[in-house]
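Structural overview for review
Listed below are the residues making up each chain.
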Amino acid sequence: MIDDRERAIEAMLFASDEPLDARQVAARFAEEVPVAEIKAIIQAIAARHAGSGIELVERGGHWHFQTPADLAHLLRRERDDPRKLSRAASEVLAIVAYHEPVSRAEIEAIRGVQTSKGTLDVLMEAEWIAPAGRREVPGRPLIYKTTDAFLQHFGLGSRKNLPGIEDLRAAGLLDPVDLAFEEAMGELDLVKDGEDA
Amino acid sequence: MIDDRERAIEAMLFASDEPLDARQVAARFAEEVPVAEIKAIIQAIAARHAGSGIELVERGGHWHFQTPADLAHLLRRERDDPRKLSRAASEVLAIVAYHEPVSRAEIEAIRGVQTSKGTLDVLMEAEWIAPAGRREVPGRPLIYKTTDAFLQHFGLGSRKNLPGIEDLRAAGLLDPVDLAFEEAMGELDLVKDGEDA
Amino acid sequence: MEELPLDFDVAPAAAEREDALQLSLDSWEGPLDLLLTLARGQKVDLRQISILQLVEQYLTFISEMRAKLEVAADYLVMAAWLAYLKSALLLPKNPLEDPSPDELALRLQLRLQRLAAMREAAARLLARDRVGRDVFLRARPEGLHDVRLRRWDASLYDLLAAYGQVKLRTEPVVHMVSRRPVITLDAALHHLERLIGIRLDWAELADFLPSDYDGPLRRSAIASSFVAALELARQGRVDLKQDGAFEPLYLRAAHMGQQGA
């Protein structure tokens, strides 16, 4: 059987919107209660809850209830939310990978278009790129490099395994879209000739 | 020694900012836990806290921790009660609770007075009543019922715990006047017959 | 059912306050509420209430109020109805009257009972241990959180294709125009001049072209030869003739006499 004073103190600590010290608890009682007694009761309450899903903890002489840190994962449910990397982000990532370490201005020079800060943020959030110090030029811009997580995700043992430019050309990845367009138009001309004949 | 699952459930109920039912608790576990097992554990936690300064209570199938009512005098602070209800609002709330689901016209029939729009609004804003579809009669009036938040606020385990609801039902005082009238006339006839005999 | 105490934590019920009756109608939630308050004044169970006495009380009260202030229409409607009920209750019973005054009185009584029941229920409800007044929750719970973890997805192919596009977009552009089989204007001029000397009569332009030209080469040859023919005509070295638009174009060597002009 828990005595009334202990129940009362437990309820006070539970309902309070901020941690309470023994003096504050004592002040809530109509009758005079020695602070030492309050402290002893608080200790008893803490001991009673030890090992349960509720903890009474002291922070600088103030006490409050909380849930144990080891159960935090149950209170914070994480859900995967997979998203396709945007075209712009893919380009920036590729540039960092091929040219690292590289500053944002250099990335923009290579891409030929402005690169929003958000794009770099996304890649850093994905932990595929990371800042790698500053370039010792005027303005000391931040430079970026790829991470081990990047190599892991893309199944690359090391950056050396990135295909070279000639490999990309051979794979058709350097075929300009324009050329393909002209070829298609050429075929169209032949068809017209056939019709004329 | 409290087992891990019990600790986890206790922490969830303690940390949650709204009452949880067994299904919600089960959903937070990575592994499959039968709802029946969760319920049994919750009961065990509630029993463990019984008589302390913190109580685990059930309200409409949802559980939450709160302080015992007998300690109110120690916890109540000089705050104005924001939930002060007008007489009209408290009557409408009682009518919805004891007669639910009930339309506005039915509420007005009992009170003998029009219900101002604001009265229902106040109760809906407090989240104590909510629309519960439409009555399938001409005009298809909206009908209202009470919510879990209502049960929680008024400390009711379920609608069955509404004070005096069984007595009122037994006395026919929750029946519409027309029905009660038919019955009363029937009884009156019997009495008359008896007198005649 | 036992009578429950009126115990509102809301606007005080007018029931116990006889002086309130002298003040205003604002104290009541409509005529039925006023009737119920008056009925409580009889201090008996609503089931034993004297409807006739209640009617008298209501009519007296309303007439007193009317002397002082305007009384809302619904109170007057109730007063009129109760006046009718009163006279019906006092007159000798007419068995053919339907509904009978007793039935009307019973209905009124039933309505009052129901309203009283709800009023008492409201009072008991509000007197319960209420959250924030009698029982308290944790002021600052940690809360349960659902965190959406954004996981970015891209394949190596996406990466390499993106790099390929960057390289292409920014490489110095070198246009490699593929060579097409064409007959240049010079070639066509030379060819026509040569043939004009041989052919004396009108001949179709197409006949001047080598028969083995076909496809794009033939189209090119026609175009060049046409321009060449116009050039020779300008120089006065050939005559051109066409029977109509889109008809074959004929040409022949101009008269030698004009050549020197």
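Keep in mind that this is a model prediction, so the values were computed, not measured.

All names here are of chain B. With antiparallel pairing, 3 strands are arranged side by side in an open sheet as S3-S5-S4. The sheet is open, and its two borders are formed by strand S3 (102-103) and strand S4 (129-134), each paired with just one other strand. Pairing of S3 with strand S5 (residues 142-146) involves 2 bridges; the strand directions are antiparallel. Across the sheet, residue Ser103 finds its bridge partner in S5, namely Ile143.

Attention now moves to the pattern of salt bridges. Charged atoms that come close allow side chains of opposite charge to pair. Inspection of the entire model under this criterion finds 40 salt bridges over all chains. Across the pair Glu6 of chain B and Arg48 of chain B runs a salt bridge, and its minimum N-O distance is 2.9 Å. With a gap of 42 residues between them, Glu6 of chain B in helix H1 (residues 4-15) and Arg48 of chain B in helix H3 (residues 35-49) connect regions that are remote in the sequence. We classify Glu6 of chain B as buried; its relative accessible area is 15%. Its salt-bridge partner being Arg140 of chain B, residue Glu136 of chain B comes within 3.2 Å of it at the nearest N-O pair. Accessibility expressed as a relative area gives 42% for Arg140 of chain B, which makes it partly exposed. Residues joined in a network through salt bridges with shared partners are Arg87, Glu91 and Arg111 of chain B together with Glu29, Asp33 and Arg119 of chain C.

Bringing the interface of chain B and chain C into the picture now. Contacts between the two partners involve 59 residues from chain B and, on the opposite side, 44 residues from chain C. Around 4,600 Å² of area is buried between chain B and chain C when both sides are counted, 62% of it from carbon and sulfur atoms. Among the residues of chain B in contact with chain C, Arg87, Leu173 and Phe181 of chain B are the three that bury the most area, contributing 16% of the side total. The interface formed by chain B and chain C holds 5 salt bridges in total. A salt bridge links Arg76 of chain B to Asp134 of chain C; the nearest nitrogen and oxygen atoms lie 2.9 Å apart. Where the side of chain B that touches chain C is concerned, the elements lending two or more residues are H1, strand S2 (62-66), helix H4 (72-75), helix H5 (87-99), helix H6 (104-111), helix H8 (148-153), helix H9 (165-170) and helix H10 (177-196) of chain B. Here the side of chain B that touches chain C takes 9 residues from H5 of chain B, the largest share from any one element. Each residue belonging to the side of chain B that touches chain C can be placed in one class, and the counts come to 33 nonpolar, 14 polar and 12 charged.

Basis of the calculations
- Numbers given to residues run from 1 along each chain, matching the order in which its sequence is written.
- Key to labels: chains lettered from A, ligands numbered from 1, both in the order written.
- Local features in this predicted model are restricted to residues whose pLDDT is 70 or higher, and side-chain atom pairs enter the listing and the counts only when it is 80 or higher, whereas totals over whole chains, interfaces and linings include all residues.
- With hydrogens and water set aside, each side-chain value is computed from the structure's full complement of heavy atoms.
- Should DSSP find at least two bridges between two strands, the strands are taken to pair.
- Strands here are runs of E lasting at least two residues and helices are runs of H or I lasting at least four, both read from the DSSP assignment and numbered beginning at the N terminus.
- Any Lys or Arg side-chain nitrogen found within 4 Å of a carboxyl oxygen on Asp or Glu counts as a salt bridge.
- Only protein chains enter the calculation, and the probe is 1.4 Å; a residue is then buried if its accessible area is under 20% of its type maximum, exposed if over 50%, and partly exposed in between.
- Every residue pair with non-hydrogen atoms within 4.5 Å of one another is taken to be in contact.
- Here's the idea: put two parts together, see how much 1.4 Å probe accessible area each one loses, and the total over both is what we call buried area.
- Three categories are distinguished: nonpolar for Ala, Val, Leu, Ile, Met, Phe, Trp, Tyr, Cys and Pro, charged for Asp, Glu, Lys and Arg, and polar for the others, with Gly belonging to the last.

Any functional reading would require information beyond the geometric quantities listed.
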